[in-house]
Amino acid sequence: MSIAQVALDTPLPRTFDYLIPAACPLGTEDIGRRVRVSFGRRELWGILVGLADRSELPPEQLKPLLSVDRVLPPLPASLLALARFAADYYHYPYGACLLSLLPPALKRPVTPRPPPAYAYALTPAGIAAAQRLSPRATAQRRLAAHLMAGPVAAAELSGLKTTLRDWLKRGLIAAVKTPPRSPCHFTPEVAPTLGRGQAEAVGAILAKTDHFAAWLLFGVTGSGKTEVYLRLIEAVLGRGRQALVLVPEIHLTPQLTERFRRRYPAARLVSLHSGLSDGERYANWLACLNGGADIVLGTRLAVFAPLQRLGLIVVDEEHDPSYKQMEGLRYSARDVAVWRARQAGVPVVLGSATPALETWLNAQQGRYRRLDLPERAGAAALPEIRLVDTRTDRPRQGLSAALLAALEENLSRGAQSLVFINRRGYAPTLLCNACGHVTTCPRCAAHLVLHRQKGGFRLQCHHCGLTRPPPPSCPECGALDLRASGQGTQRLEETLAERFPEARILRVDRDSVARKGRFAAVRDAVHEGEVDILVGTQILAKGHDFPRLTLVGVVGADGALLSADYRAGERLFAQLMQVAGRAGRGGDPGRVLVQTAYPHHPLYQALVRHDYPAYAAQALAERRAAEFPPYVRQAMLRVDARSDEAAQAFLEAARALALELAQGVTVFDPAPALLARVANRSRWQLLTQSRSRSRLQAFLAAWVQRLRDLPASGLNWILDVDPLEF
Ligand SMILES: [Zn+2]
Ligand SMILES: [Zn+2]
């Protein structure tokens, strides 16, 4: 073999041939190794994916490999196959796909040295100090909670650097070399007795762990899905296999990490998500590749972790839209997880209280097996959900009299409340009272959002990032009478502070927890009872366990009912069930008040009864009648260009090609995207769909090849298979 076939991160959908220098022979065992090559005028890292005797190119056109990375172990064949599947299914260039699965550090010209494999452990003085910490020392308590089960890799403590340095200085912790299995200072947490539903679910899945099966674990919030995962993981670890656990949200990883560590102190646990520094992510990825990880916990990108002994995949909150990558390789981590489990011959468990309609239908049609957890674990009952009719109880500054009264009452009892509004900033629009003009972004087809900052108010575009001071007068009519219209988290926080001056109010949204480690501090403050009223966006809705929280108010939810996106209702239902599920998890019954002008809407009626199956039945009937997914398969060709005309012309040409190729595939007309302009780029799209996935796939494969020949200067196009957004 004298030719190396190399996958490179380029838009070209093929591999590239290089000569293997005689001085560095390569064999099939080297497939998956990193190789350095020259490409055009650049040098790139690529992956060796094949060997051949000869190339289609004449020998004089072939360049030699520059070097071979023999330090990093070759990527496992299963990972190369996974990349191949993703590239084929999403019609994305194989090389670009494969390279995008590697940690960013591996694409740098100089390979970084992974951070030393040391860990931190409590010293005897530290163990004593950990048991005397005041409840207010939240950061220190978090650090102690991490370490109490034994040494923890440095990379896992990245959010706690200041405290870490302080404890090192005081001799409370010491750096140790990571032992293969860590000793434990504390007795591991004792597993609780399983409820009947949990025991049945665990039994059913464990009866079939040695081959592929896709399970839908359908359990209301608080029904103990995590305990089911923990039991399954225990069984998998016991057989010397690895467990991969996906969660939708970075902020959930520390919480789960702590829980897993308390239960399985000896297991080697690593996390993988985009919140890690390059070095940490590389170190953790390397631990996966070297077989030094037993449990991998991460967000969507972790679905591609290089694991050789995979025994189980769990996708928690499988319905969550964040599992879909919205740029580059537009994969769904849930769908890739199911494919990967099939490839590895292991079970995959999809957990949710509000499954994606796709998943629900898959379970109805027998492709997935459904297991129900119908009750909340322990004594906790489901919260009572009440609709507040805003046509009769008109909100003032966003808050109805009923919600204010409930907040007041909860406050007097010393219980915690949460006001949920899915809009960050102060107010969604700045409005001219004289002529009705709304300030819009000059670069996007979107309103500017009013934010309050230290120096006063700023207008901010949530799509392109533009910020500017509010105009002194209306740019349209010159009137000075401009006012903030509508509610955002900041304004609700302000209103609540005026109404309840004695209450401790904490706002939690993307702006307030942008800094690393900030979210953990919020969580601790809530746990320690240092907060009376939380005001927050969906960041708070996902999976967090706040035992003292007994009241949830929902503000401004109706917007989603009027959305042009047919999935908006599904997302709203899931979000409201999830946020309602935050209430009353500690034993005190919870209450949820939803402000709406449409109390008779079937979505709200199903919500009040906690009846996901009823909601799903009605939503699926609508989807079937309208020929929407999951009854059809879709692919969207998305374009952004300098002008509407350029985008439209490209899509018209693409449509003409599609019509030649389409058999059993419907090709729609080009249309502007819902958000039709972002950062001065016009965004258009062309939808194709079919009842048959294989027909659509065959069509897309042929179509993409032809699309690559269309003139496309100055515009970007990408195919989005199974699109989630419009
Ligand atoms: Zn005006
Ligand atoms: Zn903008």
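Before reading further, recall that the structure is shown in the block above.
Residues numbered from 1 in each chain as written. Chains lettered and ligands numbered in written order. Predicted model: local features only at pLDDT ≥ 70, side-chain atom pairs only at ≥ 80, totals over all residues. Heavy atoms only, no water.

**Some thoughts on the overall build of the protein**
In plain terms, the rule: Think of it this way: any DSSP run of H or I at least four residues long counts as a helix, any run of E at least two long counts as a strand, and we number them from the N terminus. The contact criterion used is simple: two residues touch if any of their non-hydrogen atoms lie within 4.5 Å. Counting rule applied: Lys, Arg positive; Asp, Glu negative; His and chain ends not counted. For this purpose, a charge sits on NZ of Lys, CZ of Arg, CG of Asp or CD of Glu.
In terms of regular secondary structure, the protein is built from 19 helices and 31 strands. In terms of its C-alpha atoms, the protein occupies a principal-axis envelope of roughly 80 × 70 × 55 Å. In the protein, the proportion of contacts linking residues at least 24 apart, taken out of those at least 6 apart, comes to 75%. Side-chain charges of the protein comprise 90 positive and 66 negative groups, with the mean position of each set lying 4 Å from the other.

**Some points on the coordination of the zinc ion (ligand 1)**
For a metal bound by four donors in a tetrahedral arrangement, the ideal donor-metal-donor angle is 109.5 degrees, while six donors in an octahedral arrangement ideally sit at 90 or 180 degrees. Note the cut-off: Listed donor atoms are N, O and S within 2.8 Å of the metal (Na, K and Ca: 3.2 Å). As water is not included, a site may look incomplete. The geometry test gives tetrahedral to four donors whose angles all lie between 85 and 135 degrees, gives square planar to four donors and octahedral to six donors whose opposite members are over 155 degrees apart with all other angles between 65 and 115, and gives irregular to the rest. Residue burial is assigned from relative accessible area. The probe radius is 1.4 Å, only protein chains are included, and a residue is buried under 20% of its type maximum, exposed over 50%, and partly exposed in between.
The coordination sphere of the zinc ion (ligand 1) contains the protein donors C432 (SG), C435 (SG), C474 (SG) and C477 (SG), at a distance range of 2.3 to 2.4 Å. For the zinc ion (ligand 1), the 4 donor atoms are set out with angles of 106 to 112° between them, so the coordination reads as tetrahedral. Look at where the donors of the zinc ion (ligand 1) fall in the sequence and you get C-x2-C-x38-C-x2-C. Here C432 is found in strand β18 (residues 429-432), whereas its partner C477 is found in the loop between β21 (467-468) and β22 (482-485), with 45 residues between them in sequence. According to the relative accessible area criterion, C477 is partly exposed, its value standing at 41%.

**Re the pattern of salt bridges**
Put simply, the rule reads: Put simply, a salt bridge is a Lys or Arg side-chain nitrogen that is within 4 Å of an Asp or Glu carboxyl oxygen.
Considering all chains together, one arrives at 40 salt bridges under this definition. Here R141 and E528 are joined by a salt bridge, their closest N and O atoms 3.4 Å apart. Of this pair, R141 sits in helix α4 (residues 138-147) while E528 is found in the loop between α14 (518-527) and β24 (533-536), placing the two residues 387 residues apart along the sequence. According to the relative accessible area criterion, R141 is partly exposed, its value standing at 33%. Shared partners join several salt bridges into a network, and the residues in it are R142, E258, R523 and D524.

**Remarks on the nonpolar core**
What counts here: We call a set of buried residues a nonpolar core when its members are Ala, Val, Leu, Ile, Met, Phe, Trp, Tyr or Cys and they connect through side-chain atoms within 4.5 Å of each other.
The biggest cluster of nonpolar side chains holds 124 residues, and the ones touching the most others in it are W285 and W703. Of all the elements, helix α1 (residues 77-90) adds the most residues to this core, at 9 residues. If we skip the residues at most four places from it in the chain, W285 touches L72, L75, L101, L102, P103, L106, L272 and P306.

**Some points on helix α6 (residues 196-206)**
This is how the line gets drawn: The arc in question is formed by the directions pointing from the helix axis toward the C-beta atoms.
When we look at burial in α6, the residues that qualify are Q198, A201, V202 and I205. Buried residues of α6, viewed axially, fall in a sector of 95°; they line one side. Pointing more than 90 degrees away from the buried face of α6 are the exposed residues R196 and E200. Where α6 is buried, its residues contact β9 (213-219), α7 (225-238), β14 (347-352) and β15 (369-373).

**A look at the side chain of D722**
Quick reminder of the rule: For the purposes of these results, a polar contact is taken to be a pair of N or O atoms within 3.5 Å, where, inside protein, one atom must be able to donate a hydrogen and its partner to accept one; residues adjacent in sequence count only when each atom of the pair is a side-chain atom.
Assignment of secondary structure puts D722 in the segment after β31 (716-721). Residue D722 is classed as buried on the basis of its relative accessible area, which comes to 17%. In terms of polar contacts, D722 uses its side chain to reach the side chain of Y89, at 2.7 Å. What D722 contacts, discounting residues up to four positions off in sequence, is Y89, K324, D335, R633 and Q634.

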